[in-house]
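# Observations on chain architecture
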Amino acid sequence: MSDTEGEGGGEMSKTEKDQSWIPKIIKKRVCTTFVEDSFSNGRLCQCGGTRDTHESVALGDYFSTAIVSHWDSSQHSSEYPTDAFGELEFAGASKRHSKFLRLSWDTPPSIVYTMMTAHWGLPPPNLVVSVVSGEGRAKVKTWVREVLRQGLVKASQSTGAWILTGGLREGVGRCVGEAVRDHATAASSVSLNKVVALGIAPWGLVHNRQQLVNPQGSFPARYYFQNTSRDSCCLDNNYQAFLLVDDGSVGRRGGEAGFRARLEDYISHHLTIIKSLSNIALEQCLPNWSSYYFHLHLSISPPIPCSQVLSIYLNRDLITVYHGEQEGPDDFDTVLLKALVGASKQRVSSEASPYTEELKLAVTWNRVDIAKSELFNGDIHWRYQDLEDSMTDALVNDKPQFVRLFTENGLNILDYLTYGRLESLYRSVADSSLAYVLLQRRLGERQGLTGSQAMLPDGSPTKGSVLEDLMGDVCQPFYHSPLELENISSQRKALRRVSKLLRGDCVYQDRRCLFPWASLFVWAVLQNRNDMAVFFWEMAGESVLSALSGCKILRELSKLESETETKLAMKELAQRFENLAHDVFSKCYQSSESRSFTLLIRKSPVWGGTTCLKMGMAADARLFFSHDGVQSLLSQIWWGDMKRSTEVWKLLLTFFCPVLMYTQLISFRELEEPGKPDEVAQGRDNDSTPDTPPKRPFVVSRWRQFWFAPVTSFLGNVLMYFLFLLLFAYVLLVDFKPPPPRGPAFAECVLYFWVFTIVCEEIRETFLVGSMMWRQRMRKYIQDVWNKCDLTAIILFIIGLTCRMFQWSYEFGRAVLCVDYMVFTLHLIHIFAIHKQLGPKIIIVGKMMKDIFFFLFFLGVWLMAYGVANQALLYSYDPRPAWIFRRVFYRPYLHIFGQWDTECTDNVTLIEGGAEPCRSHYANWLVIVLLVIYLLVTNILLINLLIAMFSYTFSKVQGQSDTYWKFQRYNLIVEYHSRPSLAPPFIILSHVHLFIKRYIRKVPSVKILHFGENSTQVFIEKEFLYPYNHYRNLKGQLAIATSIFGLKHL
């Protein structure tokens, strides 16, 4: 007491001032009448206290005590201001303080409940679990301990329940405290507050209770308890709060039962989830049955007489018996939930409203099996309003089975998912996730540009920007339609528009999401939720494209993720979506080849106007591109109207003798009826729209069928490129004239014009093809390796051409042009990548180039180490830095191949003139040792290491080289498909023709329809409906729930 009083003797703290009202309202009880206990020979009162502890008033009235035979707290005790309240610190235990209060047994429970929630900060309970058992230190059965450890705390954590026990270190109360302690050790700080253990014990039974007494309150009171393995009546340090009920007795049990029953009844009418239950009790079957009946009798409000106990048995449907030794602790939450649902079913109603709270509990515990058997068995009519909150809970907490259950039982996703609710779902993204980091980053960038702080990270502008970063240029921006940003091209103007919109009423938030399943699919993919994303993919329609989109997003996220396990999980889910796209497209291809081709080139309004081919290329979906159906479409586009079995020599012969195209030398495919999907792939550069195909004479149509095929354009470009390299070599070797006025020669001028036409074609491909903005086109152009090669060649040619025009830089310009010739020649590798045999080998060579860089790194280290030591030991004097650099790097490199220098001199004059100095022989033995080590490492170790690396790369890539080649073949086909029929330098004629036709006559092109761009929605809907593949993976097998080409309404 002295310590406590000393602590409270100073200036009152803020906590003491806030709780100084407690003694005015909360009372304690003191025995005021000594009723002699006949078994104590007059030493004890029936309240349990000794004669010495009673005041003189209690001992003075001998006549009254003589006629009183039974002590009653309400008659023989009086109320006084409480003198024990505040915070409790357990000496030698954790630093966490518990709350405690000494109160009279008849204190109104409303005051106590308000104090616990408002002043003590305990979260209001969603469920009250009252744990009662026999009196005293009865032995607790093993199965009860397991239920308390695994079942009870688990249920309490998931529901935010209060566990009510005696709060003492004995019996079930001690087991509950240990279970809460174990949970607190394993749980995170977020879930720690969800489990509230509240001890309600009789004040007169608490051991060392005098340490808690302080009329001004204890903040904290140091409580010393016996930390032994044996049970005791000390307070348990694992409880958050204690209500010490005082009825004036000492050492007696049961004084708290009446207050506990009233408190449970009061809380049951204020629960946020289970509002219909008066008390939930876990009973342990112990020998003392009177305690159980007494608790049951007081737990029912109003109290019932013993004669009505039989009615409880008659309503035995309300009784749930839990066989702990048979069912196991893991089934306790199931039993508890079924008991709650069964109690709710006693309210005769077919409406769903009485069951919404039980449904929330089932969602919280993730027991979809109970929800199906008890709540969604056809007896209850569920309305949209009843499922709305539970649907949000299931989405946020990643419970796809409940999401599926709700959508199958009355929840309309069109009504549910508005843009405002979608933003709230993004608001629920975990702070530690990569998606949250990306959202915050984009928010900061936008606020920096606009100077606004009003926009939230979960808004449509932010998530649309994140998706734009992940998807790149493969599709149009997301969520621009609700924000009315379609016609705004400037980023700054768009941000101002968004800032102004978000400062207002945000009316777009009440609008329905245009494609709800696809939006939820993206939301799940960004959080790497496996099962949830697969379910939304099943429901979204656009099965192939949606799977490829998910694959693209996940692979981009994996590049940004730093956690190894999360990165691996993202890659695995991305591969799963690629496999799904491959499998579903296989079913489509088996069903209808022509319609599957249309599926690949169809522009999707759900995914920003992109196509399966574009998305698959952006997602690096090599497995998908290796599918026979995709390759068949690419081959059909590549050959145009000609049959794919046509030999190359026939094409070359017809190329030089065009008359042969009108013979039977080349076979052409027969044109199908207008409007067939195959006919989409027949148009070439100068065609008009497919709605009104022009009818041309046979001579003109056959001419167009041959010359406008991509394979013909490819052959023409290859032949002309060889001529270009021959002309370039001839100019460099034979006809490279001096600067003006004597040069350049005519052949060199032709070369300049040829390169000019190549530059014009590069500009056309970069800026005049497609519908993207010029920044996006530039970024897309630079990302391609061969485009970088072409750009380097053009820049070097311009530098060489400029320098060769002046006498002072003539030789330098010639040297630059020689290097540029090598760069132009390397472009042949890209050209022949289309070849079926050469293409895979080119891919293997490209992979081996990475191995060479690692080899050169190790070789460079040894070259420098040996070269510097060799130079310092052999040459004591050499004033020429250039020769020193040569001996350090060049000569050690020659030593690998066995080349040595022999001629030397000691004449300083000759050495300064450029002669080779003789070597020093002082450390010749050391030089020999270093040479042996150097040759051993380079000629044996590093060379064999390089061979091993090449062998590993070859064996690794050889098995997949065909897949790699099929994947990269797409880019080359797209490139030559979009090119005019004429090759440089004659391509300038096609450029002039296209400029007149596109920009003067305004005639649109349908050539690009092969890959889905600029295709009209009318044409697509006419030929091919939305592909709906309700894919369900049941027992490891692929099953299509509906027709592959059925219509899927979003």
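Once a new chain begins, its residue numbering starts again from 1 and follows that chain's sequence as written. Per-residue local features are limited, in this predicted model, to residues with pLDDT of at least 70; the limit for side-chain atom pairs, both in listing and counting, is 80 or more; totals at the level of whole chains, interfaces and linings are taken over all residues. Computation of side-chain values: all heavy atoms of the structure, hydrogens and water removed.

### Concerning the overall build of the protein
A tally of helices and strands in the protein yields 46 helices and 12 strands. Across the 1050 residues in the protein, those meeting the buried criterion constitute 50%. Note on contacts: a residue pair qualifies if any of its non-hydrogen atoms lie within 4.5 Å across the two residues. Sequence-distant contacts, at least 24 apart, represent 74% of the contacts inside the protein between residues at least 6 apart. Note that accessible areas follow from Shrake-Rupley with a 1.4 Å probe, and for residues the cover is restricted to the protein chains shown. For the protein, the accessible area works out to roughly 51300 Å², and carbon and sulfur atoms hold 58% of it. Strands are runs of DSSP state E lasting at least two residues, helices are runs of H or I lasting at least four, and both sets are numbered from the N terminus onward. The buried label goes to any residue with under 20% of its type's maximum accessible area, the exposed label to any with over 50%, and the partly exposed label to all in between, with areas taken from a 1.4 Å probe on protein chains only.

### Here we look at the nonpolar core
What is meant by a nonpolar core is a set of buried Ala, Val, Leu, Ile, Met, Phe, Trp, Tyr and Cys residues, joined one to another through side-chain atoms within 4.5 Å. Core analysis: the largest hydrophobic core is formed by 141 residues, its most contacted members being Leu 395, Phe 406, Phe 536, Phe 577, Phe 624 and Phe 724. Broken down by element, the residue count for this core peaks at 12 residues, all from helix H35 (residues 710-733). Apart from the residues within four sequence positions on either side, Phe 724 is in contact with Leu 751, Trp 754, Val 755, Ile 758 and Phe 824.

### A look at the environment of Gly 121
Within the fold, Gly 121 resides in the loop between helix H7 (109-119) and strand S5 (128-132). C-alpha of Gly 121 to C-alpha of Lys 99: the two residues are 22 residues apart in sequence and 9.9 Å apart in space.

### Notes on the pattern of salt bridges
When the charged atoms of two side chains with opposite charge come close together, those side chains can pair. In what follows, salt bridge is the name for a side-chain nitrogen of Lys or Arg lying within 4 Å of a carboxyl oxygen of Asp or Glu. Enumeration over the complete set of coordinates arrives at 29 salt bridges. Lys 966 is paired through a salt bridge with Asp 962; the nearest N and O atoms lie 3.3 Å apart. Separated by 4 residues within a single helix, Lys 966 and Asp 962 lie in helix H44 (residues 961-978), roughly one turn from each other. Here Lys 966 falls in the buried class, since its relative accessible area comes to 15%. Asp 962 gets classed as partly exposed once you look at its relative accessible area, which sits at 32%. Within the structure, one salt-bridge network assembled from shared partners comprises Glu 761, Arg 764, Glu 765, Glu 975 and Arg 979.

### A closer look at a nonpolar patch on the surface
Patch criteria: residues need more than 30% relative accessible area and no salt bridge. Like-charged residues are merged within 9 Å; nonpolar side chains of Val, Leu, Ile, Met, Phe, Trp and Tyr are merged within 5 Å. A grouping of Ile 763, Phe 767, Leu 768, Trp 774, Val 992, Phe 995, Ile 996, Tyr 999 and Ile 1000 is seen on the molecular surface, where their side chains present a nonpolar patch of about 890 Å² in accessible area. Elements represented by at least two residues in the nonpolar patch include exactly helix H36 (746-767) and helix H45 (987-1000). If one sorts the elements of the nonpolar patch by residue count, H45 sits on top with 5 residues. As for its position among the elements, Phe 767 is in helix H36.

### Comments concerning the UniProt feature "transmembrane region" (unreviewed entry) in the protein
UniProt positions are given in the numbering used here, feature names are shortened, and annotations may be inferred rather than shown by experiment. In the numbering used here, UniProt assigns the "transmembrane region" (unreviewed entry) feature to residues 706-733, 785-807, 813-832, 852-869 and 925-947. The annotated region residues 813-832 carries 95% helix and 0% strand content, and the separation between its end C-alpha atoms amounts to 30 Å. The span residues 925-947 carries 100% helix and 0% strand; its end-to-end C-alpha distance comes to 32 Å.

### A short note on the packing of helix H19 (residues 400-407) against helix H26 (residues 530-540)
Running from N to C, H19 and H26 cross one another at 25 degrees; their axes reach a closest spacing of 9 Å. As far as their axial angle goes, H26 and H19 are roughly parallel. Counting all contacts with H19, which are made through Pro 400, Val 403, Arg 404 and Thr 407, the residues of H26 involved are Asp 531, Met 532, Phe 535, Phe 536 and Glu 538. Here the term charged refers only to Asp, Glu, Lys and Arg, the term nonpolar to Ala, Val, Leu, Ile, Met, Phe, Trp, Tyr, Cys and Pro, and the term polar to all other amino acids, Gly among them. When the residues that make up the contact of H19 with H26 are grouped by side-chain class, the tally is 5 nonpolar, 1 polar and 3 charged. In this description, a line fitted to the C-alpha atoms serves as the axis of each element, helices being fitted only across the stretch in contact, and the angle between N-to-C directions of two axes falls anywhere from 0 to 180 degrees. If an angle is under 35 degrees, it is roughly parallel; if it is over 145, roughly antiparallel; if it lies from 65 to 115, roughly perpendicular; otherwise it is oblique.

### Brief notes about H45
In this scheme, a helix's expected span is set at 1.5 Å multiplied by one less than its residue total. With 14 residues, H45 should reach 20 Å at 1.5 Å per residue; the first-to-last C-alpha distance of 19 Å fits that figure. Residues of H45 that are buried in the fold lie against H36.

### Notes on the state of the cysteines
For the purposes of this analysis, a disulfide is any pair of cysteine sulfur atoms at a distance within 2.5 Å. Applying the stated criterion to the full structure yields 0 disulfides. Unpaired in this structure, Cys 234 has its nearest cysteine sulfur neighbour in Cys 233, at a distance of 7.7 Å. We classify Cys 234 as buried; its relative accessible area is 0%.

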